[in-house]
Amino acid sequence: RETCAAAAGTMLLEFARLSRLTGDRRYAQKAREAVDALWRRRSMRTDLVGSTICAKTGRWLSPGTGIGAGVDSFYEYLVKAALYEDDPVLLERGLNGVAAAHQTTAVRDASNNLTWNLDVRRDDGRRISSRVSSLAAFWPSLLLLAGSDVGEAQMTFRGYWEIFRRFGALPELFDLDSETAVHFGKDAPLRPELAESALHLYLRTNDGHYLVVGRELINALNDDSRVACGFAALADVESKRLDDRMDSYFFAETLKYLFLLFDLSLEPQDRQSFFCCDETSIDRLNSTRGCAVDGRPCLSLSATLLSTEGHFFQMPSGRVSGAFGARMPADAVAGPFECEASTTTTTSRA
C-alpha cells in the first residue's frame, strides 16, 4: 500500500507507447490518472510532490522530498511523456515541476562554482538534509531537456564530478557537512546517472571535458570493478571492497551512455551506433523515421527519446524530442532557473 512518486509516476512513457502499439488508450489513461493524482497532491506553496505516499489513502507518508530516490523519474517523465504525447498540459506541469524542484532544493557553493541539490520539506522548502544522493546525478541532463541554462546544468554536474574524483567512484550518499560518504551509503553499484549527464552535456556543449569524464569513468570501472565474469559493484568506495552484484542497468544504461558519449563524438559516417545522423539530418528523415549515411540505415538523434531505463523511443512522425542536446523551444520553457533561495555557501571542499 506504500509507494513513491517515482514508482507511481514513471509509467507514462511506456504505457503511452503500449497504447500506440495496441490502439487501446486505457493503458495511457491509467498511467495519466496516477500522475494526475500525484500532481493534485503537490504542495500549493512549493509546487513539490512528496517522496512516499499511501496508495490507499493518498496521504504523503513523510514530510521530505528532493530530486533523488523516490522522486527522480516523476519529474523526468512529466517532460518526456509530454514530448512523446504532444501534451501541452503535461509539458507545463513538467517544466514548472522541474523548475520548482531545482529552485527549492538547489544550494549554491559560490566558492567552488557549483550547485548541490539537497532534500527539503515538501510544504515549505526548508532544508532537512546535507546528503547528496548519487541517483540525483541524472538531474543535469533533465535540466537541459527542460530548458535550463547550460551553465546551471554544468554547475550541478560539477558537484557530482568532484565527489567522484575524491573517491574514484560515486558513493550512494555523501554528506556535505562531514565531507564523508555516509556509513550506510558507501557503496557504488555501477550506476548510470553520472555518465548519462556527461553524455547530454557533451552533446549540448561539444566540450571535450565530458569526454575526459567518460574516460575516467571507464578507467575506474576497469581498475576497480572488473572481474573475471563481468563488473562488480563497489561495496565500499574507500577500501574498494567489491560486492557480489552487477545490476541489469549496468548494461542497459551505464555502458550504453559511455559508448554513445564516444561514438557520438565522431563524424556521422564514422559512428558504430545506429545514430549515424547528425542534428542537421532531420530534414532527410523518411517515412520510416530513419535516414542513411553512405547507404547505411540510421536513426536521428532529434527524433529519439531515452526512457528512464535507457530504452530508445522513436518520436511519432514529425516530432522532435530535444532529448539529445537540442534546447526546448523558447516559448515552451517555464523561465530561467534562478536559485534565489540558494545563496548559502557550503563548507564542503567537494
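Definitions and cut-offs
- Residues numbered from 1 in each chain as written.
- Predicted model: local features only at pLDDT ≥ 70, side-chain atom pairs only at ≥ 80, totals over all residues.
- Heavy atoms only, no water.
- Helix = DSSP H or I, 4+ residues; strand = E, 2+ residues; numbered from the N terminus.
- Buried < 20%, exposed > 50% of the residue type's maximum accessible area, 1.4 Å probe, protein only.
- Contact = heavy atoms within 4.5 Å.
- Areas by Shrake-Rupley, 256 points an atom, 1.4 Å probe, with all protein chains shown as cover.
- Core = buried A, V, L, I, M, F, W, Y, C linked by side-chain atoms within 4.5 Å.
- Pairing = 2+ DSSP bridges.
- Axes fitted to C-alpha atoms, helices over the stretch in contact; angles between N-to-C directions.
- Parallel < 35°, antiparallel > 145°, perpendicular 65-115°, else oblique.
- Left-handed = near helix turned anticlockwise from the far one by under 90°.
- Nonpolar A, V, L, I, M, F, W, Y, C, P; charged D, E, K, R; others polar.
- Salt bridge = Lys/Arg side-chain N within 4 Å of Asp/Glu carboxyl O.
- pLDDT = per-residue confidence, 0-100.
- Phe/Tyr/Trp six-rings, centres within 6.5 Å; stacked < 30°, edge-to-face > 60°.

Looking at the overall build of the protein chain
Scanning the protein chain from terminus to terminus reveals 10 helices and 15 strands. Relative to its 350 residues, the protein chain shows a buried fraction of 56%. Sequence-distant contacts, at least 24 apart, represent 65% of the contacts inside the protein chain between residues at least 6 apart. If you sum the accessible surface of the protein chain, you get close to 15400 Å²; carbon and sulfur atoms cover 49% of it.

So, the nonpolar core
Of all hydrophobic cores here, the largest spans 87 residues; its most connected members are Phe74, Tyr75, Trp139 and Leu194. Ranked by residue count, the leading element in this core is helix α4 (residues 72-85), at nine residues. Apart from the residues within four sequence positions on either side, Tyr75 is in contact with Leu48, Val49, Gly66, Gly97, Val98, Ala101, Trp139 and Leu142.

A few points about the pairing of strand β5 (residues 114-117)
Successive residues of a regular strand alternate their side chains across the two faces of the sheet. Residues Leu114 and Trp116 point to one face of β5 and Thr115 and Asn117 to the other, with burial holding for every one of them. Note: strand β4 (residues 106-109) against β5, four bridges, orientation antiparallel. Looking at β5, one finds that Asp109 is bridged to Leu114.

Some remarks on the environment of Met155
As for its placement among the helices and strands, Met155 is situated in helix α7 (residues 150-167). In this structure Met155 comes out as buried when scored by relative accessible area, which is 13%. With 46 residues separating them along the chain, Met155 and Asp109 place their C-alpha atoms 9.3 Å apart. When neighbours within four sequence positions are excluded, Met155 is seen to be in contact with Arg108, Asn113, Leu114 and Thr115.

Examining the packing of α4 against helix α5 (residues 88-105)
Taken N-terminus to C-terminus, the directions of α4 and α5 make an angle of 150°; their axes are 8 Å apart at the nearest point. Here α4 is positioned roughly antiparallel relative to α5, judged by the angle of their axes. Considering only the axes of α4 and α5, their crossing is left-handed. Judged by residue contacts, Tyr75, Leu78, Val79, Ala81 and Ala82 of α4 engage Leu90, Leu91, Arg93, Gly94, Leu95, Gly97, Val98 and Ala101 from α5. For the contact of α4 with α5, the residue count by class is 10 nonpolar, two polar and one charged.

Quick word on unusual backbone geometry
Here Asn113, not a glycine, exhibits a phi torsion of approximately 55°, which is positive. Within the secondary structure, Asn113 is located in the loop between β4 and β5. Phi is positive for Asn206, which is not a glycine, with a value near 55°. Owing to a relative accessible area of 58%, Asn206 belongs among the exposed residues under this scheme.

Describing the pattern of salt bridges
Applying the stated criterion across every chain yields a total of 19 salt bridges. One salt bridge connects Asp36 with Arg93, and the closest N-O pair in it is separated by 2.6 Å. Of the two residues, Asp36 is situated in helix α3 (residues 26-40) and Arg93 in helix α5; the sequence distance between them amounts to 57 residues. The shortest N-O distance in the salt bridge between Lys80 and Glu76 comes to 2.8 Å. Residue Lys80 and its partner Glu76 are located together in helix α4, separated by four residues, close to a single helical turn. Relative accessible area serves as the criterion here: at 4%, Glu76 is assigned to the buried category. If you follow the salt bridges from partner to partner, you end up with Arg32, Asp36, Asp87 and Arg93 in one network.

Quick notes on the confidence of the model for the protein chain
Note: predicted coordinates in regions of low pLDDT should not be interpreted at a detailed level. Mean pLDDT for the protein chain: 87, with 86% of residues reaching 70 or above. Here residues 280-289 is a poorly scored stretch, pLDDT under 50, and it has 19 contacts once near neighbours within four places are set aside; other chains count. In this model residues 325-350 is a low-confidence stretch, pLDDT under 50, and it forms 74 contacts with partners more than four residues away in sequence or in other chains.

Observations regarding the packing of aromatic side chains
Under the definition given, this model contains 13 aromatic pairs. Ring geometry for Phe15 versus Tyr27: centroids 6.3 Å apart, planes at 85°, classification edge-to-face. Taken as a pair, Phe15 in helix α2 (residues 12-22) and Tyr27 in helix α3 lie far apart in primary sequence, 12 residues in all. Phe15 sits in the partly exposed class, given a relative accessible area of 28%. With a relative accessible area of 33%, Tyr27 lands in the partly exposed category.

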